[in-house]
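Observations on chain architecture
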Amino acid sequence: MKFTWFQSKLTFVIIPEANGSVVRLKLSRAALWSTIFLMLLLIGTICILTIRSLHSTVAVSLKSVEMKGRTAQLEQDLHRKNAAIEQLQNDIYGLSKQAAEVRSQMERMKRLEQDLHKLAPGSAERRKPGGQPVSAAVGAGGMGGEAFPVTEGQTHELAAATGARYTALHAEMKELASRLGQTKRQLQEKQERQQRTPDIWPTLSKIVTSPYGYRKDPFTKKLSFHRGIDIAGKLGDPVYAVAGGVVQSVGYDKLHGHNVVIEHDNKLRTWYMHLNRTQVNRGDRVDKGQTIGQLGTTGRSTGPHLHYEVLLSGKSTDPAPYMPSHNRKKERKK
Ligand SMILES: [Zn+2]
């Protein structure tokens, strides 16, 4: 039955406009359905191919967009890294300039330390003064020339040289700090020695009425030995400790009147006699120039004056070498 249905034929009549002749097409049902099926198959295939092609086109364009995005990202990264490298190069350059600046400051400090060392005792020229060319401030004076971009190798060289400079500076600074400490100690020692060494007048007045040595005694008029220097002055004038030390004794007797003995360094003592009054106590620490009493005429004295004596290991010695030299010259002329 079915077979005969496929076998049966269909007639299509195409009627053109006006006078055209009518076309009759006779097709079996099987042929018609086959044609329709083939056409549908063709359309389906075309559709599938089109969709696939579209799909891959979309995928490619998506990929392309993604790649573009990535490229832009990479370019940004590269730009950032280049900027960072440039910054680092500038930093290294800045550091190298700073190192040069620190170096010149270090040279100045070395010269200063040498000057200080000359003030300390036992100083000798230990080092030749160093010297580096002094660089002018950036922008000062003229500059120019062709600009060559810095290579990676040059950057490394600059960084290594700068690092070496800082290492050297660090070592030099340590050495300088140690030398400065030593110089400071030497200066302190010198200062302390100076403080303990008599080298000033014990009075305001510089009028020596009787020097150290042989003289005719003002009371007996007989030749005697004067163990100190007599300095005339006003009653109540301050009497100064000629050096730092410790008050060994404060006392009074008919010969010396009110008197003070100060112990200094190196078995050195100073003795101040005929004082109007004393202003220190036994055991007091005194500084150079500190007032220890008032000038007077107590004891065996003919008028207001200070009998000033210097004792070395208990024996009296000429005080003149312990007083400022320009005054000693005056004294010699007398
Ligand atoms: Zn005297």
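Report follows, based on the coordinates. (Residues numbered from 1 in each chain as written. Predicted model: local features only at pLDDT ≥ 70, side-chain atom pairs only at ≥ 80, totals over all residues. Heavy atoms only, no water.)

Remarks on the coordination of the zinc ion
Note on the zinc ion: its protein donors are His226 (NE2), Asp230 (OD) and His307 (ND1). The metal-donor distances range over 1.9 to 2.2 Å. Spacing between the donor residues of the zinc ion along their common chain follows H-x3-D-x76-H. Taking relative accessible area as the criterion, Asp230 reaches 7% and is therefore assigned buried. (Donors = N, O, S within 2.8 Å, 3.2 Å for Na, K, Ca; no water. Buried < 20%, exposed > 50% of the residue type's maximum accessible area, 1.4 Å probe, protein only.)

Considerations on the pattern of salt bridges
On inspection of all chains with the given rule, the structure shows 12 salt bridges. Put simply, Glu107 and Lys110 hold a salt bridge, and the shortest N to O gap is 3.9 Å. Residue Glu107 and its partner Lys110 are located together in helix 2 (residues 29-119), separated by 3 residues, close to a single helical turn. Notably, a salt bridge pairs Lys288 with Asp199, separated by 2.5 Å at the nearest N-O pair. Placement of Lys288 in the loop between strand 12 (285-286) and strand 13 (291-294) and of Asp199 in the loop between helix 3 (152-196) and strand 3 (207-210) is noted, with a sequence separation of 89 residues between them. For Asp199, a relative accessible area of 33% puts it in the partly exposed group. (Salt bridge = Lys/Arg side-chain N within 4 Å of Asp/Glu carboxyl O. Helix = DSSP H or I, 4+ residues; strand = E, 2+ residues; numbered from the N terminus.)

Looking at the packing of aromatic side chains
For the coordinates displayed, the defined rule picks out 3 aromatic pairs. Centroid distance Tyr214 to Phe225: 4.8 Å. Interplanar angle 85 degrees. Geometry classified as edge-to-face. Taken together, the positions of Tyr214 in strand 4 (residues 213-216) and Phe225 in strand 5 (residues 223-226) put the pair 11 residues apart, joining distant regions of the chain. You can call Phe225 partly exposed: its relative accessible area is 39%. (Phe/Tyr/Trp six-rings, centres within 6.5 Å; stacked < 30°, edge-to-face > 60°.)

Things to note about helix 2
Its 91 residues place the ends of helix 2 132 Å apart at the C-alpha level, agreeing with the 135 Å of an ideal helix rising 1.5 Å per residue. The set of residues buried in helix 2 consists of Ile92, Ser96, Ala99, Arg103, Ser104, Met106, Glu107, Glu113, Gln114 and His117. (Expected span 1.5 Å × (residues − 1).)

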